[in-house]
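Okay, here's what each chain looks like letter by letter:
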Amino acid sequence: MGKFSGVLLATDYDDTLYSSDCTISQENRQAIARFVAEGGLFCISTGRSYINFAIQMERERLPVNTPVILSNGASIYDFATEESLWLKYLPAQAPVHLAQVCAAFPQVGFEAYHQDEVYIFRPNEVTQRHLTRCHLTGRPKAIEEMPVPWIKVILQHPDTAVLHQARTYLQTQWPETYDVTFSNPYLLEVTARGANKGLSVLWVARHLGVRPEDIYCVGNGLNDIPMLAVSALSFAPANSYPEVRAAADVVLPSCDESCVARLIEHLEVRYDNRSTTCRHPPEPRRLAVGPGGVFCYSIRCWVTEETPQWVRSASSKACIQGTSPSAPSKAYRTEATRRRPGWIIARRLSLLGLPKGPRSSVSTGMWAMERLPLPMPSYRAPAGGQARTTWPWSWSRS
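This structure is a prediction, so every number in the text was calculated from the model and none was measured. (Residues numbered from 1 in each chain as written. Predicted model: local features only at pLDDT ≥ 70, side-chain atom pairs only at ≥ 80, totals over all residues. Heavy atoms only, no water.)

Draft legend 1. Highlighting the pattern of salt bridges. Counted by the stated rule, this structure contains 15 salt bridges. Between K197 and D12 there is a salt bridge, and its shortest N-O distance comes to 3.0 Å. Residue K197 is found in helix 6 (residues 197–208), and its partner D12 is found in the loop between strand 1 (8–11) and helix 1 (26–37); the two are separated by 185 residues along the sequence. Here K197 matches D12 in class, with each residue buried. Across the pair E27 and R262 runs a salt bridge whose closest N-O atoms are separated by 2.4 Å. Taken together, the residues span a long stretch of sequence, with E27 in helix 1 and R262 in helix 9 (residues 259–272) at a distance of 235 residues. On the basis of relative accessibility, which here comes to 38%, the residue E27 falls in the partly exposed class. (Salt bridge = Lys/Arg side-chain N within 4 Å of Asp/Glu carboxyl O. Helix = DSSP H or I, 4+ residues; strand = E, 2+ residues; numbered from the N terminus. Buried < 20%, exposed > 50% of the residue type's maximum accessible area, 1.4 Å probe, protein only.)

Draft legend 2. Region of the structure containing unusual backbone geometry. Cis geometry marks the peptide bond from V148 to P149, where omega comes out at 5°. A positive phi angle, close to 65°, is found at C22, a residue other than glycine. Here C22 is to be found in the loop between strand 1 and helix 1. Its relative accessible area of 30% is what places C22 among the partly exposed residues. Positive phi, normally seen in glycine, also occurs at H135, with a value near 60°.

Draft legend 3. Spotlight on the sheet that holds strand 4 (residues 75–78). Taking strand neighbours across the sheet as the criterion, the three strands line up as 3-4-5 in an open arrangement whose pairing is antiparallel. One side of each edge strand has no neighbouring strand; the edge strands of this open sheet are strand 3 (68–70) and strand 5 (83–87). The sheet shows a mean angle of 25° between the axes of neighbouring strands, direction not considered. The strands touched by helix 6 within the sheet are strand 3, strand 4 and strand 5, with strand 5 carrying the most contacts at an inclination of about 130°. (Pairing = 2+ DSSP bridges. Axes fitted to C-alpha atoms, helices over the stretch in contact; angles between N-to-C directions. Contact = heavy atoms within 4.5 Å.)

Draft legend 4. Local environment of the nonpolar core. Core analysis: the largest hydrophobic core is formed by 44 residues, its most contacted members being F110, W150, V153 and L155. In contact with L155, not counting residues within four places along its chain, are L98, V101, V108, G109, F110, L163, A166, L170, Y186, L187, L188 and V190. Residues Y216, A232, C259 and L267 belong to the second largest nonpolar core, which totals 34 residues. (Core = buried A, V, L, I, M, F, W, Y, C linked by side-chain atoms within 4.5 Å.)

Draft legend 5. Layout of the packing of aromatic side chains. Summed over all chains, the structure comprises 14 aromatic pairs. An angle of 15° between the planes, with centres 4.7 Å apart, marks the rings of Y13 and Y18 as stacked. In terms of burial, Y13 and Y18 fall into one category: buried. Ring plane angle 85° and centroid distance 5.8 Å describe the contact between F105 and Y169, whose orientation is recorded as edge-to-face. Placement of F105 in the loop between helix 3 (94–104) and strand 6 (109–114) and of Y169 in helix 5 (residues 160–173) is noted, with a sequence separation of 64 residues between them. Look at Y169 and you get partly exposed, because its relative accessible area is 22%. Three or more aromatic residues joined by ring pairs make a cluster, and in this case those are Y13, Y18, Y50, F53, Y77 and F79. Stacked on the ring of Y113, the Lys or Arg K152 has its end atom at 5.2 Å from the ring centre. (Phe/Tyr/Trp six-rings, centres within 6.5 Å; stacked < 30°, edge-to-face > 60°. Lys NZ or Arg CZ within 6 Å of the ring centre and 35° of its normal.)

Draft legend 6. Just helix 5, in detail. With 14 residues, helix 5 ought to run about 20 Å at 1.5 Å a step, and its terminal C-alpha atoms sit 20 Å apart, in line with that. Those residues of helix 5 lying buried are V162, L163, A166 and L170. Taken down its axis, helix 5 places every buried residue within 95° of arc, on the same side. Packed against the buried residues of helix 5 are helix 3, strand 9 (152–156), strand 10 (178–184) and strand 11 (187–192). (Expected span 1.5 Å × (residues − 1). Arc of directions from axis to C-beta.)

Draft legend 7. Fine view of the pairing of strand 9. The buried fraction of strand 9 amounts to five of the five residues, a majority that puts the element mostly inside the structure. Alignment of strand 9 against strand 11, held across four bridges, turns out to be antiparallel. Looking across to strand 11, one finds that I154 is bridged to E189.

Draft legend 8. Highlighting the side chain of S45. Locating S45 in the fold gives a position in the loop between strand 2 (41–44) and helix 2 (50–60). Once residues lying within four places of it in the same chain are set aside, the contact partners of S45 are T11, D12, Y13, I69, K197 and M227.

Draft legend 9. Structural context of the sheet that holds strand 14 (residues 250–252). Read from one edge of the open sheet, five strands run 2-1-12-13-14, paired in parallel fashion. Across the chains shown, the open sheet's two edge strands, defined by having one partner strand only, are strand 2 and strand 14. Ignoring strand direction, the axes of neighbouring strands in this sheet form an average angle of 20°. Looking at chain direction, strand 13 (residues 233–237) and strand 14 are connected through three bridges and run parallel. By the bridge assignment for strand 14, A236 is matched with V251.

This is how it looks when you write it as structure tokens:
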């Protein structure tokens, strides 16, 4: 068994694994091969439909070894066995609802996905660019003539503001019927309620017997936020939406800088060192993971009743001294901004204190996500505070 046995890595495809020039870098391919060779489970979670993504599987020889999440989570398909494992169609009344949307917004067109066909209504320049990128051909039809059921619909318009209005209309008229999210500024994707990447990642994890603490996700789009929320440690490339970067635990270099390879390098350090034993935590070191000095450092530890008091309290008393444009001399103190069962993750210039309770598990970390030239603090024991016993520490650099 390799070090990544039972570890699931789910990545978005377009503008994450697939770069802006429509290629997968050799560096990404080599890193994925290492991950899989060590027992890792590599999954792609994409907004593309089956007919769309099957073309990519053939063209790119994608190295997936798990079922693939398609159509923003509305479909899970195993290309190895050529079997559909899960599918959630739009409701039967979707054509009527979409006709109402198009009547309210006469400048908006859409693509409707039915089995192996793509039907288009009121196509525009966005439609043509999207179909060309995906190597698809759309069949123009009136809404009432399109066959059903649909797996998803993509509303399209060159003005993002118009699509925001259409999203508000959908969410107001049918709040419990649809999941509506942007895959890029000009594509507004509509799936059945409950069909999203987050729930589908959890489905794949349960299907493969993966524990929640071994799920890692990366994505750049707003439709990726649900799967970042279920990730033990979430990642976003630098080219992500601001909302996605804010939702992620770690910001990686962009998709054009092999961000998936950078993520796997992080996991290699994380899992190489998870059983490292030492008397006190190693001194934090600055690690640049992108241009402008973006860096991250994290320590994972198991605290027992024998853990020395100075270790339990040192972090809660520590602060990160630094400067920022808005607060030139502010000291950034303890701040917990993300919580999960059994875990507490400190984010954004924060250092989280270790609890005093026995047998608790925490993750402490320092993130400099704002590209600020901050010094990293030390975890050295105070005078006379040398540890009396040895306890297990596992640490990783991000």
